[in-house]
Amino acid sequence: LWKRTSWWQYLLGPSGRVSVWRPELETVLHQLRTAVETDILVTVTGQAAGLAAFLRRDRVLLELTPAFDGPYRCRRGWDMNPTSEVGQIARLGEIHHHCVMVQPSAARKVHQGESALPAEVMESLTWRSARTVRPPPLGGSFARVLRQAAALACGARRDEK
């Protein structure tokens, strides 16, 4: 993972700082403090995306989702998912949101009894049963999205001054 994020650092240049962060390992106070200081939050669809509510206005949330087309839509483009769960957080927090489809590395088979939902329902929700999600490669469209995110974050910083 670090090798891939070092390329993100290269792409963002000296004005950006990339760090891998596991919020569930931190205290709530540290999570909130980190979110307030963050310009671009890249997170997998889930609870950590809720930290976007504490980003400052006009900052950026990049949501990595391994969901397939189905009940959870991920339209490409900035602020194109205002009615999704994560898109609503972004809209209400007045931050920019971009949903990025990614491949889960290995979906785990859900067995009956492991969940309150029937196994066939859980299996249809791939993003809920994916063990890990790999950050997308930096070629092409994702590199462009990162550059756009950096430009939005820099603009927000300028506007604060």
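Because the structure is predicted, anything quoted here is derived from the model rather than measured.

**Student:** Sorry, what's going on with helix α6 (residues 141-160) here?
**Tutor:** Helical geometry note: an α-helix holds 3.6 residues per turn, so side chains three or four residues apart project in the same direction. For α6, which comprises 20 residues, the first-to-last C-alpha distance of 29 Å matches the rise-based estimate of 28 Å (1.5 Å per residue) to within 8%. If you check which residues of α6 are buried, you get Phe 142, Ala 143, Val 145, Leu 146, Ala 149, Ala 150, Ala 153, Gly 155 and Ala 156.

**Student:** Quick question: what am I supposed to make of helix α3 (residues 85-93) here?
**Tutor:** Buried within α3 we find Val 86, Gly 87 and Ala 90. Within α3, the buried residues cover an arc of 100 degrees as seen down the axis, which keeps them to one side. Exposed positions of α3 whose direction lies more than 90 degrees from the buried face are Glu 85 and Leu 92. Two residues or fewer after α3 comes Glu 94, characterised by a positive phi angle close to 55 degrees.

**Student:** Would you explain the pattern of salt bridges in this entry?
**Tutor:** Side chains bearing opposite charge may pair, as long as their charged atoms lie close to each other. Scanning the entire structure with this criterion turns up seven salt bridges. Linking Asp 39 and Arg 59 is a salt bridge whose minimum nitrogen-to-oxygen distance equals 2.7 Å. Of this pair, Asp 39 sits in the loop between α2 (28-37) and β1 (40-44) while Arg 59 sits in the loop between β1 and β2 (60-65), and the two are 20 residues apart along the sequence. Of the residues examined, Asp 39 reaches a relative accessible area of 11% and is grouped as buried. Residue classification places Arg 59 among the buried residues on the basis of a relative accessible area of 0%. One salt bridge in this structure joins Arg 157 and Asp 39, with 2.3 Å as the shortest N-O distance. Of the two residues, Arg 157 sits in helix α6 while Asp 39 sits in the loop between α2 and β1, which places them 118 residues apart along the sequence.

**Student:** Explain the nonpolar core here, please?
**Tutor:** Nonpolar side chains tend to gather and get buried jointly when the protein is soluble and globular. Within the largest apolar cluster, 13 residues are counted, with the highest numbers of intra-cluster contacts made by Trp 8, Leu 62, Leu 64, Val 100, Phe 142 and Leu 146. Of all the secondary structure elements, the ones that give two or more residues to this core are α1 (2-12), β2 and α6. In terms of residue count, α6 provides more of this core than any other element does, five residues in total. Ranked by size, the runner-up nonpolar core spans 10 residues in total, among them Ala 35, Ala 49, Ala 52 and Val 86.

**Student:** Looking at this structure, I do not really get the sheet that holds strand β3 (residues 96-101). What am I missing?
**Tutor:** Whether parallel or antiparallel, the strands of a sheet pair through hydrogen bonds between backbone atoms. Taken in spatial order, the three strands line up as β1-β2-β3 in an open sheet, and their pairing is parallel. Across the chains shown, the open sheet's two edge strands, defined by having one partner strand only, are β1 and β3. Shown here is a sheet whose adjacent strand axes are inclined to one another by a mean of 20 degrees, direction ignored. In the sheet, β2 pairs with β3 via six bridges, with the strands oriented parallel. Bridge pairing links Leu 61 to His 97 in β3.

Rules used in this analysis
Residues numbered from 1 in each chain as written. Predicted model: local features only at pLDDT ≥ 70, side-chain atom pairs only at ≥ 80, totals over all residues. Heavy atoms only, no water. Helix = DSSP H or I, 4+ residues; strand = E, 2+ residues; numbered from the N terminus. Expected span 1.5 Å × (residues − 1). Buried < 20%, exposed > 50% of the residue type's maximum accessible area, 1.4 Å probe, protein only. Arc of directions from axis to C-beta. Salt bridge = Lys/Arg side-chain N within 4 Å of Asp/Glu carboxyl O. Core = buried A, V, L, I, M, F, W, Y, C linked by side-chain atoms within 4.5 Å. Pairing = 2+ DSSP bridges. Axes fitted to C-alpha atoms, helices over the stretch in contact; angles between N-to-C directions.

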